[in-house]
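Close look at the chain arrangement
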Amino acid sequence: PAPVALPQNVKAWALITVFGHEQELGHHVAVVGGGMAAVDTALYLRDTGHQVTMITRQDRPGYDCSSHSAMYISQQLMKLFDVVTDAEIRSVQPGEITCVVQKKPRPGPPGMEQSPIGPPKEIRVTFDSLVFSAGRRACTDACMAFSSVAPESRVIGDASILSDKNNGDGHG
């Protein structure tokens, strides 16, 4: 996916900065990301009185835990707050994220590519505060695109391995 530029007047909170500062967030929080860190943050924010919408490019939230647990977690989360899956963020404006949702088929045998399920659909998600937790896959460029909206930015996980290789320091 292509990196999305954030306007200067849109503040994106990193997960680590949310805890202990939840009173500084608006009532409706959009959490971008679908891994367990994003799930934990979304649940915490819901429990502290926020209305939460989770946006993920994966087919379900909590995708990075075992398949049985992920399916259960996904079903339960969708009862607690709005979840937008299979989403590609196209733009972020003050108070609104525009996504294109295209349901993807489950992976099949190698060489048996399947077409997306149904036509793409544009969805607009409104928010007072934006929390960003994405990048489990090596998407260094996508992570760096968000670096201008936070006072401090670090590339971690698989993205840092890719970054280290690009820097030629031999670590990773």
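Quick summary incoming for the structure in this document. Predicted model, so just to flag it, every value in this text is computed and none were measured. (Residues numbered from 1 in each chain as written. Predicted model: local features only at pLDDT ≥ 70, side-chain atom pairs only at ≥ 80, totals over all residues. Heavy atoms only, no water.)

**Here we look at the overall build of the protein**
In terms of regular secondary structure, the protein is built from 5 helices and 8 strands. In the protein, the succession of helices and strands from N to C terminus is β-α-β-α-β-α-β-β-β-β-β-α-α. Expressed as a percentage of the 172 residues in the protein, the buried residues total 37%. Element-wise, carbon and sulfur atoms account for 53% of the exposed surface of the protein, whose accessible area totals about 10000 Å². (Helix = DSSP H or I, 4+ residues; strand = E, 2+ residues; numbered from the N terminus. Buried < 20%, exposed > 50% of the residue type's maximum accessible area, 1.4 Å probe, protein only. Areas by Shrake-Rupley, 256 points an atom, 1.4 Å probe, with all protein chains shown as cover.)

**Remarks on the pattern of salt bridges**
Under the criterion given, the structure shown has 6 salt bridges. The residue Arg46 makes a salt bridge to Asp47 at a minimum N-O spacing of 3.3 Å. Accessibility expressed as a relative area gives 34% for Arg46, which makes it partly exposed. Across the pair Arg60 and Asp59 runs a salt bridge, and its minimum N-O distance is 3.7 Å. The exposure class of Asp59 is partly exposed, given its relative accessible area of 32%. When salt bridges with common partners are traced through the structure, they connect Glu96, Glu122 and Arg124 into a single cluster. (Salt bridge = Lys/Arg side-chain N within 4 Å of Asp/Glu carboxyl O.)

**Examining unusual backbone geometry**
Even without a glycine there, the phi angle at Asp86 is positive, about 55 degrees. The topology assignment puts Asp86 in the loop between strand 4 (82-84) and strand 5 (87-93).

**Notes on the side chain of His50**
Tracing the backbone through its elements, the reader meets His50 in the loop between helix 2 (36-47) and strand 3 (51-55). Among the residues examined, His50 registers a relative accessible area of 11% and is labelled buried. Here the side chain of His50 touches Glu22 through a polar contact of 3.2 Å, landing on its backbone oxygen. Residue contacts for His50: discarding those within four places in its chain leaves Glu22, Leu25, Gly26, His27, Val29 and Leu45. (Polar contact = N/O pair within 3.5 Å; in protein donor to acceptor, adjacent residues only side chain to side chain. Contact = heavy atoms within 4.5 Å.)

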